[in-house]
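# Observations on the model geometry
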Amino acid sequence: MRIPLAAGNWKMNLSRDEAIALAQAIKEQASDSQRVDVLLCPPAVYLDAVCKIVEDTLIGVGSQDVFWQPEGAYTGEISAPMVRGMGCSYSIVGHSERRHLFGETDEEVNWKVKAAQQNDLTPILCVGELLEERQAKQTDKVITRQVEAGLEDLDADDVLNLIIAYEPVWAIGTGEVARPDQANEVHGLIRSILQDRYDTSISNGMRIIYGGSVKPDNIAGLIAQSEIDGALVGGASLKADSFLEIIEGCA
Ligand code: 13P
């Protein structure tokens, strides 16, 4: 039984006061439920504050990125031990904005996955094709490459502590959500890659969540799909009301 995950990726948004108010509202109104896991991924500068707000609850906190080295002369970067030390339990890795705006490679994404895991953080490995790639019928090839590369060197025990997020780049921040059946097909492909690399119990047990223009009015159709185990939400996670509706929708 895969427990759905509703994760909010706040990206580079909100003032400190707004971030605190949002975390508090989610804490007060998202009932601690066994039916859905809730995760907040605020900007790194608010991780400390958000971790403190939700520390006595089942709500998890994750960073939006993590560097692969544990320490050193890497100005501006944040390491996995630092993220873990703040009280986080997850880290988004390989988000399409990191890949496409900041040139992150598949290999670097894999190093980040491993750094997160070595520090007791559950990586949320993001994969997704560009619009041109979908139009050129390259979706399966791109997703297979990104998943295989992201999981390089990971054995069966490692992947138990990992979540995959399918986020088609053309659906991120565009209001154009993937059709539930379209998303489900790619999730099915990812599950079959996991089955080939590992085994059925791993591929059946692993959570694969969808991201890209998830809103209160489309979550029901997505979560009803057999292979979709939750949502990674951008814009609609910035308002308590809409994120709470999505949490309910996932449950
Ligand atoms: P939107 O929900 O704003 O499309 O963003 C999706 C996303 O990138 C979550 O990581």
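Source: prediction; values computed, not measured. (Residues numbered from 1 in each chain as written. Predicted model: local features only at pLDDT ≥ 70, side-chain atom pairs only at ≥ 80, totals over all residues. Heavy atoms only, no water.)

So, on to the overall build of the chain. The secondary structure content of the chain amounts to 12 helices and 8 strands. Relative to a compact globule of 251 residues, whose C-alpha radius of gyration would be 18 Å, the chain shows 17 Å and is just as compact. Projecting the C-alpha coordinates of the chain onto the three principal axes gives extents of approximately 45 × 45 × 35 Å. Across the 251 residues that make up the chain, the buried fraction comes to 53%. Within the chain, contacts between residues at least 6 apart in sequence are counted, and of these 72% link residues at least 24 apart. Accessible surface for the chain amounts to roughly 11300 Å². Of this, 49% is attributable to carbon and sulfur atoms. Taking the 21 positively charged and 39 negatively charged side chains of the chain as two groups, their mean positions are separated by 2 Å. (Helix = DSSP H or I, 4+ residues; strand = E, 2+ residues; numbered from the N terminus. Rg over C-alpha atoms; globule rule 2.2 N^0.38 Å. Buried < 20%, exposed > 50% of the residue type's maximum accessible area, 1.4 Å probe, protein only. Contact = heavy atoms within 4.5 Å. Areas by Shrake-Rupley, 256 points an atom, 1.4 Å probe, with all protein chains shown as cover. Lys, Arg positive; Asp, Glu negative; His and termini not counted. Charge placed at Lys NZ, Arg CZ, Asp CG, Glu CD.)

Here the focus is the packing of aromatic side chains. For the structure on display, the rule yields 4 aromatic pairs. The interplanar angle of 50 degrees and the centroid separation of 5.0 Å between the aromatic rings of F67 and Y74 together place this pair among those described as tilted. Residue classification places F67 among the buried residues on the basis of a relative accessible area of 9%. Note that R98 overlies the ring of F102, its terminal NZ or CZ placed 4.2 Å from the centroid. (Phe/Tyr/Trp six-rings, centres within 6.5 Å; stacked < 30°, edge-to-face > 60°. Lys NZ or Arg CZ within 6 Å of the ring centre and 35° of its normal.)

As a further point, take the pattern of salt bridges. Counted by the stated rule, this structure contains 16 salt bridges. The salt bridge partner of D65 is R98, with a shortest N-O separation of 3.4 Å. Here R98 lies in helix 4 (residues 96-101) and D65 lies in the loop between strand 3 (60-63) and helix 3 (80-85), a separation of 33 residues in the sequence. For R98, a relative accessible area of 24% puts it in the partly exposed group. The salt bridge partner of R134 is E129, with a shortest N-O separation of 2.7 Å. According to the relative accessible area criterion, R134 is partly exposed, its value standing at 22%. According to the relative accessible area criterion, E129 is buried, its value standing at 0%. One connected set of salt bridges, linked through shared partners, spans R2, R191, E227 and D229. (Salt bridge = Lys/Arg side-chain N within 4 Å of Asp/Glu carboxyl O.)

Taken together, the neighbourhood of the ligand is formed by 13 residues, with K11, H95, G173, S213 and G235 sitting nearest. At 2.8 Å, a side-chain N or O of K11 approaches an oxygen atom of the ligand. A distance of 2.8 Å separates an oxygen atom of the ligand from a polar backbone atom of G235. Of the residues contributing to the shell around the ligand, the split by class is 4 nonpolar, 7 polar and 2 charged. (Near = heavy atom within 4 Å. Polar contact = N/O pair within 3.5 Å; in protein donor to acceptor, adjacent residues only side chain to side chain. Nonpolar A, V, L, I, M, F, W, Y, C, P; charged D, E, K, R; others polar.)

Further remarks concern the packing of helix 7 (residues 139-150) against helix 9 (residues 180-197). The interhelical angle for the contact between helix 7 and helix 9, taken along N-to-C directions, is 45 degrees, at an axis separation of 10 Å. When the axis of helix 7 is compared with that of helix 9, the two are oblique. For the pair helix 7 and helix 9, the sense of crossing is right-handed. Here helix 7 contributes T139, D140, I143, T144, V147 and E148 to the contact with helix 9, which in turn contributes V186, L189, I190, I193 and R197. (Axes fitted to C-alpha atoms, helices over the stretch in contact; angles between N-to-C directions. Parallel < 35°, antiparallel > 145°, perpendicular 65-115°, else oblique. Left-handed = near helix turned anticlockwise from the far one by under 90°.)

For the rest of this paragraph, the subject is helix 12 (residues 240-250). Of the residues making up helix 12, those classed as buried are A240, S242, F243, L244, I246, I247 and C250. Buried residues along helix 12 sit against strand 1 (5-9), helix 1 (16-29), strand 2 (37-41), helix 11 (219-223) and strand 8 (230-233).

In short, geometric facts, not functional conclusions.
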